[in-house]
Amino acid sequence: MPKEYLWDVNMSPRVMQKRLQFVNLTWLALIAAAALIAALRGIGIAALASGAVIAILPAVVGLVFLRADRDAPAVASPLLVICWTLLAVLGVALTGGASSPLTILFVLAPLVALNLENTDMAAEAAIFGVVAYFAVLVMGRFDLLPLGAGDYLPLTVAIAFAGLVLAGLLVWVLVQDQYGARAAATEESAQAEPVPVVPTP
């Protein structure tokens, strides 16, 4: 009887979609907690609402396109990676540039792509993140970025912590897949190994 694992080692599209739905819901919960913390620290409702809406957009897109009851459209994977990348770019550009705590968000797009089993897109997202960060660095050098980022510091720090938690979750999911795949491969190998027949005297 084959064993069942927490994460399906066969990685069917439906299983992948269900797994990323969990990640998206986790991100929504983290942003809700970040918004509550920022509200308690006195952040204005307009800045709080706009920041929270921007932050939840990638997760909302994921919930819409990666439904477990149907196959995801071909555009879902690139759209998700683009949304996470844009969130990182906007977050860093609007909250202090190169010194923004939201720099952590640049790792989310490549990790999402890896969870979608698209290594090429993960590499592209990582490269684009480096280029975008450099562009923000140059814009900050010439004072082309919005001012007043310090006014939103509680919200910025809370979202940065949420991004760190989500990055850890995405890495943990990938590690669990590797462990599950190895265990399944070992079990299949053991089942396929022929049992030696001992001749009877």
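The rules behind these values
Residues numbered from 1 in each chain as written. Predicted model: local features only at pLDDT ≥ 70, side-chain atom pairs only at ≥ 80, totals over all residues. Heavy atoms only, no water. Helix = DSSP H or I, 4+ residues; strand = E, 2+ residues; numbered from the N terminus. Buried < 20%, exposed > 50% of the residue type's maximum accessible area, 1.4 Å probe, protein only. Contact = heavy atoms within 4.5 Å. Areas by Shrake-Rupley, 256 points an atom, 1.4 Å probe, with all protein chains shown as cover. Polar contact = N/O pair within 3.5 Å; in protein donor to acceptor, adjacent residues only side chain to side chain. Expected span 1.5 Å × (residues − 1). Phe/Tyr/Trp six-rings, centres within 6.5 Å; stacked < 30°, edge-to-face > 60°. pLDDT = per-residue confidence, 0-100. Axes fitted to C-alpha atoms, helices over the stretch in contact; angles between N-to-C directions. Parallel < 35°, antiparallel > 145°, perpendicular 65-115°, else oblique. Nonpolar A, V, L, I, M, F, W, Y, C, P; charged D, E, K, R; others polar. Core = buried A, V, L, I, M, F, W, Y, C linked by side-chain atoms within 4.5 Å.

When you go through the chain residue by residue, the secondary structure sums to six helices and zero strands. The buried share among the 201 residues of the chain stands at 38%. Taking contacts inside the chain between residues at least 6 apart in sequence as the whole, the part at least 24 apart equals 77%. Accessible surface, the chain as shown: approximately 11,700 Å² in total, 70% of it carbon and sulfur.

Let us look at the side chain of Thr85. Mapped onto the elements of the fold, Thr85 is located in helix H3 (residues 76–94). Since its relative accessible area comes to 8%, Thr85 is described here as buried. Looking at Thr85, its side chain comes within polar contact range of the main-chain oxygen of Val81, at 2.8 Å. With sequence-adjacent residues up to four places away left out, Thr85 is seen in contact with Ala109, Ala125 and Phe128.

Moving on: the environment of Ala59. By the secondary structure assignment, Ala59 is in helix H2 (residues 45–65). In this structure Ala59 comes out as buried when scored by relative accessible area, which is 0%. Along the sequence, Ala59 and Leu80 sit 21 residues apart, while their C-alpha atoms lie 8.4 Å from each other.

A separate point is helix H5 (residues 119–141). Residues lying three or four places apart along an α-helix face the same way, a consequence of the helix completing one turn every 3.6 residues. Between the first and last C-alpha of H5 there are 33 Å, a value that for 23 residues agrees with the 33 Å anticipated at 1.5 Å per step. Turning to H5, its buried residues are Met121, Ala122, Ala125, Gly129, Ala132 and Val136. In the core, the buried residues of H5 are packed alongside H3 and helix H4 (108–115). Directly after H5, the chain includes Asp143, whose backbone phi takes a positive value near 55°.

Evaluation of the coordinates by the stated rule reveals two aromatic pairs. Aromatic pair Trp27 and Trp84: ring centres 5.4 Å apart, planes at 70°, arrangement edge-to-face. With Trp27 in helix H1 (residues 13–40) and Trp84 in helix H3, this residue pair connects regions lying 57 residues apart in the sequence. In terms of burial, Trp27 and Trp84 fall into one category: buried. Taking 6.3 Å as the distance between ring centres and 90° as the angle between the ring planes, the aromatic pair formed by Phe106 and Tyr133 counts as edge-to-face. Placement of the pair is Phe106 in the loop between H3 and H4 and Tyr133 in helix H5, with a sequence separation of 27 residues.

Quick look at the confidence of the model for the chain now. When the pLDDT values of the chain are averaged, the result is 84; 84% of them are 70 or greater. Of all the helices and strands in the chain, helix H6 (residues 153–192) carries the lowest mean pLDDT, 83, while H4 carries the highest, 94.

This part takes up the packing of H2 against H3. At a minimum axis separation of 9 Å, H2 and H3 run at an interaxial angle of 175°. One way to sum up the angle between H2 and H3 is to call them roughly antiparallel. Each of Ile54, Ala55, Pro58, Ala59, Val61, Gly62 and Phe65 in H2 lies in contact with H3, whose residues at this interface are Ala76, Leu79, Leu80, Cys83, Trp84, Leu87 and Leu90. Of the residues contributing to the contact of H2 with H3, the split by class is 13 nonpolar, one polar and no charged.

Peptide bonds are mostly trans, and most non-glycine residues show a negative phi. In this structure, Glu117 is a non-glycine residue whose phi angle is positive, near 60°. Along the chain, the position of Glu117 falls in the loop between H4 and H5. At Asp143, a position not held by glycine, the phi torsion is positive, near 55°. Mapped onto the secondary structure, Asp143 falls in the loop between H5 and H6.

Turning our attention to the nonpolar core. It is characteristic of soluble globular proteins that their nonpolar side chains tend to be buried jointly. Trp27, Trp84, Leu105, Leu108, Ile159, Leu166 and Leu170 are the most contacted members of the largest nonpolar core, which totals 51 residues. For this core, the elements supplying multiple residues, two or more each, are H1, H2, H3, H4, H5 and H6.

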